[in-house]
Amino acid sequence: VYTREEVGRHRSPQDRVWVTHGTEGFDVTDFVELHPGGAEKLMLAAGGALEPFWALYAVHNQPHVLELLREYKVGELSPEEAAPPPDTTQDPFAGDPPRHPGLLVNSQKPFNAEPPAELLGERFLTPNELFFTRNHLPVPKVDPGTYRLRVEGPGGRVVSLSLPELRSRFPKHEVTATLQCAGNRRAEMSRVRPVKGLAWDVGAISTARWGGVRLRDVLLAAGFEPEREGEWHVCFEGLDVDAGGAPYGASIPYGRAVNPAAEVLLAYEMNGQELPRDHGFPLRVVVPGVVGARSVKWLRRVAVSPAESPSHWQRNDYKGFSPCVDWDTVDFTAAPAIQELPVQSAITQPRPGATVPAGELTVKGYAWSGG
């Protein structure tokens, strides 16, 4: 009989590779190199449960797979595995949702994680549970029954929309779009020159089929015109707030927001499912081709302004500078906020430093055209 902690100590061939399925434990060390999906896929579950990974691949849900697994059984899990409830009175992140154990975590609080490169390259649409997560603050708990989106129209007019009203008043639109964090591949940058920020690998980028309503349709219904003279911005605020009550915010140019070809979305679906909590439930902005920081999650307010969002993350972060600028000399007012990103591509398999057999080799990866 073993605890999950004991199973978790077996995560490498040197320490043996153990996994769990249901209440049983298995030593699969001798099967790692025989795994049809590749050794690296099985190693993602090393020291933990198989179920979150098997759920991604229906081929595992067959009797002969379980029969094969049972050949490697070493014992049972202890029945006393329930963890004590967290102290929710002190930790603002205690209400965050559960996450897939296959994600590579860059920070727990706030939660920031990316899919393993080997899984990112497996399919064009990234499964929701493996989509990279970039949170700046605790994940808010939102009651969809009382949720309202506040849209501030011209002349002080305010439109308040519930989720059913959004769905019934505006035509549904779908767009397949890739979102990328501005820090994607920062770990590589830091090997050239140290860079502050989360050490993202190549996985801070994911693709989904988003469903919702066009931001353009909502703005026109609120009384705005398709074109406005001068420089205008559409500002977004989320329901995620810091300790002082300030929300996460960002903005995009008005011209992009109302351009039908830009397909800016207020999304309530992700890959045909309700938005997961980590990805903005019940409503988020999706701005195709633009840095992910502008696709505000848990959206609560939309406003048109002659100035960009006053949010810290719009004015004092997510900006690009020349190599001669560092944290001692940076002036955030001297550069515009990042919107479109440049062309990006990366190899996801084989991984850097991997030993590969001689002969023909299949290389996998992704390429993205930016804006």
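Residues numbered from 1 in each chain as written. Predicted model: local features only at pLDDT ≥ 70, side-chain atom pairs only at ≥ 80, totals over all residues. Heavy atoms only, no water.

Q: Provide a residue-level description of a nonpolar patch on the surface, including the pertinent values.
A: Together, Ile347, Val356, Leu361 and Val363 line one region of the surface with nonpolar side chains, adding up to about 330 Å² of accessible area. Looking at the element boundaries, leucine 361 is found in the loop between β18 (344-349) and β19 (364-368). (Patch = residues over 30% accessible without salt bridge, like charges linked within 9 Å, V, L, I, M, F, W, Y side chains within 5 Å. Areas by Shrake-Rupley, 256 points an atom, 1.4 Å probe, with all protein chains shown as cover. Salt bridge = Lys/Arg side-chain N within 4 Å of Asp/Glu carboxyl O. Helix = DSSP H or I, 4+ residues; strand = E, 2+ residues; numbered from the N terminus.)

Q: Please set out unusual backbone geometry residue by residue, giving values where relevant.
A: Of the consecutive residues lysine 109 and proline 110, the connecting peptide bond is found in the cis state with omega at -5 degrees. Inspection of the secondary structure assignment puts proline 110 in the loop between β5 (104-107) and β6 (112-114). Proline 350 follows glutamine 349 through a cis peptide bond whose omega is 0 degrees. Along the polypeptide, proline 350 turns up in the loop between β18 and β19. Positive phi is not limited to glycine here, since asparagine 271 has a value of about 55 degrees. Among the secondary structure elements, asparagine 271 is positioned in the loop between β14 (265-270) and β15 (273-274). Residues other than glycine seldom take positive phi values, yet tryptophan 298 does so here, at roughly 50 degrees. Counting through the fold element by element, tryptophan 298 comes out in the loop between β16 (284-286) and β17 (299-305). Judged by its relative accessible area of 1%, tryptophan 298 is buried. (Buried < 20%, exposed > 50% of the residue type's maximum accessible area, 1.4 Å probe, protein only.)

Q: Go over the pattern of salt bridges, please, and point to the residues and values.
A: Counting across every chain of the model gives 22 salt bridges. For the salt bridge of arginine 256 with glutamate 340, the shortest nitrogen-to-oxygen distance reads 2.7 Å. Of this pair, arginine 256 sits in helix α9 (residues 254-258) while glutamate 340 sits in the loop between α10 (312-315) and β18; the two residues are 84 residues apart in sequence, bridging distant segments of the chain. It is possible to trace a salt-bridge network through shared partners that takes in Arg150, Glu152, Glu237, Arg300 and Arg301.

Q: Give a detailed account of the pairing of β14, specifying residues and quantitative values.
A: Among the 6 residues that make up β14, 6 are buried, leaving the element largely enclosed by the rest of the structure. Pairing of strand β11 (residues 205-214) with β14 involves 5 bridges; the strand directions are antiparallel. Opposite valine 213, over in β14, you have leucine 266 as the bridge partner. In terms of strand pairing, β14 meets β16 through 3 bridges, oriented antiparallel. Counted as the bridge partner of alanine 267 is arginine 284 from β16. Two strands pair when backbone bridges link them, and β14 and β15 are joined in this way by 2 bridges, in the antiparallel orientation. Along β15, the bridge assignment pairs methionine 270 with glutamine 273. (Pairing = 2+ DSSP bridges.)

Q: Can you break down the sheet that holds strand β9 (residues 158-161) residue by residue, with the values?
A: Pairing in this open sheet of 5 strands is mixed, and the strands run β9-β8-β17-β12-β13 from one edge to the other. The open sheet terminates on both sides in strands that have one partner only, identified here as β9 and β13 (247-253). Going from strand to strand, the sheet's axes swing by 15 degrees on average, the running direction of each strand aside. Of the pairings in the sheet, the one linking strand β12 (residues 233-241) to β17 comprises 6 bridges and is antiparallel in character. Along β17, the bridge assignment pairs cysteine 235 with alanine 303. (Axes fitted to C-alpha atoms, helices over the stretch in contact; angles between N-to-C directions.)

Q: Describe the packing of aromatic side chains, naming the residues involved and giving the relevant values.
A: If you walk through the whole model with that rule in mind, you get 8 aromatic pairs. Their ring planes at 75 degrees and their centres at 4.8 Å tell us that tyrosine 2 and tryptophan 18 sit as a pair that is edge-to-face. Here the residue tyrosine 2 occupies a position in the segment before α1 (4-8), and tryptophan 18 occupies one in strand β2 (residues 16-21), the gap between them amounting to 16 residues. Judged by its relative accessible area of 10%, tryptophan 18 falls in the buried class. Look at tyrosine 248 and tryptophan 313: their rings are 4.9 Å apart centre to centre, the planes differ by 40 degrees, and that puts the pair in the tilted class. Note that tyrosine 248 is positioned in strand β13 and tryptophan 313 in helix α10, a separation of 65 residues in sequence. Given the relative accessible area of 5%, tyrosine 248 is considered buried. Exposure remark for tryptophan 313: the relative accessible area of 14% places this residue in the buried category. Ring pairs connect the aromatic residues Phe131, Phe132, Trp200 and Trp210, which therefore count as one cluster. Against the face of phenylalanine 111 rests arginine 99, its NZ or CZ located 4.0 Å from the ring centre. In this structure, arginine 228 is placed above the aromatic ring of tyrosine 254, and the distance from its NZ or CZ to the ring centre is 5.8 Å. (Phe/Tyr/Trp six-rings, centres within 6.5 Å; stacked < 30°, edge-to-face > 60°. Lys NZ or Arg CZ within 6 Å of the ring centre and 35° of its normal.)

Q: Can you tell me about the domain arrangement of the protein chain, naming the residues and giving the values?
A: Domain parsing of the protein chain yields domain 1 (4-76) and domain 2 (104-316). Domain 1 and domain 2 are separated by 36 Å when their C-alpha centres are compared. On the domain 2 side, the residues contacting the 5 residues of domain 1 number 8 residues. With both chains or domains summed, domain 1 and domain 2 bury close to 630 Å², and 69% of this area falls on carbon and sulfur atoms. (Domains from an automatic or database assignment. Contact = heavy atoms within 4.5 Å. Buried area = accessible area lost by both parts, 1.4 Å probe.)

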